[in-house]
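Breakdown of the fold
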Amino acid sequence: MPSNHLNTLPYYVVDPTPMPEGIPSVPEVGATSAPLLSVSYFIGARCKPYNNNFMLCRSKSKTPEQDCLYEGRRVTRCAISVLEDITKNCEETLKAHVDCLENRNHELDKCRLQEAFLNKCVKKFLNLEKVIPDAEGIPVHLRNVKLVD
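Because the structure is predicted, anything quoted here is derived from the model rather than measured.

A closer look at the state of the cysteines
This model, assessed by the stated rule, comprises four disulfides. One disulfide in the model links Cys90 with Cys121; its S-S distance is 2.1 Å. As the torsion about the S-S bond is roughly -95 degrees, the Cys90-Cys121 disulfide counts as left-handed. Highlighted residues: Cys90 in helix α3 (residues 69–103) and Cys121 in helix α4 (residues 112–126), separated in sequence by 31 residues. Cys121 gets classed as buried once you look at its relative accessible area, which sits at 12%. Each disulfide pairs two cysteine sulfurs, and for Cys100 the partner residue is Cys111, the sulfurs being separated by 2.1 Å. Its S-S torsion of approximately -95 degrees makes the covalent link between Cys100 and Cys111 left-handed.

This is the structure we're talking about:
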């Protein structure tokens, strides 16, 4: 079970509606769009094997809604663990980036300064890097070229 500290931050919401009978219980990620956008690359980095297994299951199954619940639960648990770890170790920089995104219509290019501090913190404490797919594997904070003018 995830700890309840995620729910104490103002931008996390959990739907109290119970799952239908027969579907295994798993906690919700409980984050709104801004925190998910803020940490999405880190979730992708840590949870890639679970995401790949889930997508493989979905592509091979005729009824993925039923057949892939186990894999889906692993993806959800992994995403929750990333959010918890970033909140635990980088709460101030995460909050600054999320607040910036919320105040600037989720436009990432308007929040690069806060993003740089968050990336640095996450690298330091969790050893996760924001790497843009098809960008030759170079982490964002190590690039010399601006991505956006």
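A few points about the packing of helix α1 (residues 33–60) against α3
Geometry of a packed helix pair, given as the angle between the helix axes and the separation of the axes. Running from amino to carboxyl end, α1 crosses α3 at an angle of 165 degrees, the nearest separation of the two axes being 6 Å. Between α1 and α3, the angle falls in the class roughly antiparallel. Taken as a pair, α1 and α3 cross one another with a handedness that is right-handed. Residue composition of the contact of α1 with α3, grouped by class: 20 nonpolar, six polar and five charged.

A word on the nonpolar core
Residues Val39, Phe42, Ile86, Leu118 and Val122 are the most contacted members of the largest nonpolar core, which totals 22 residues. Mapped onto this core, the elements with two or more residues apiece are α1, α3 and α4. For this core, the element with the most residues is α3, which contributes ten residues. When neighbours within four sequence positions are excluded, Leu118 is seen to be in contact with Ser38, Phe42, Ile86, Cys90, Thr93, Leu94 and His97.

Here's the deal with the packing of α1 against α4
Running from N to C, α1 and α4 point in directions that differ by 30 degrees, and their axes come no closer than 11 Å. Considering the angle they form, α1 stands roughly parallel to α4. Considering only the axes of α1 and α4, their crossing is right-handed. Contact residues: α1 offers Ser38, Phe42 and Arg46, while α4 offers Leu118, Asn119, Val122 and Leu126.

Calculation rules
Residues numbered from 1 in each chain as written. Predicted model: local features only at pLDDT ≥ 70, side-chain atom pairs only at ≥ 80, totals over all residues. Heavy atoms only, no water. Disulfide = S-S within 2.5 Å. Helix = DSSP H or I, 4+ residues; strand = E, 2+ residues; numbered from the N terminus. Buried < 20%, exposed > 50% of the residue type's maximum accessible area, 1.4 Å probe, protein only. Axes fitted to C-alpha atoms, helices over the stretch in contact; angles between N-to-C directions. Parallel < 35°, antiparallel > 145°, perpendicular 65-115°, else oblique. Left-handed = near helix turned anticlockwise from the far one by under 90°. Nonpolar A, V, L, I, M, F, W, Y, C, P; charged D, E, K, R; others polar. Core = buried A, V, L, I, M, F, W, Y, C linked by side-chain atoms within 4.5 Å. Contact = heavy atoms within 4.5 Å.

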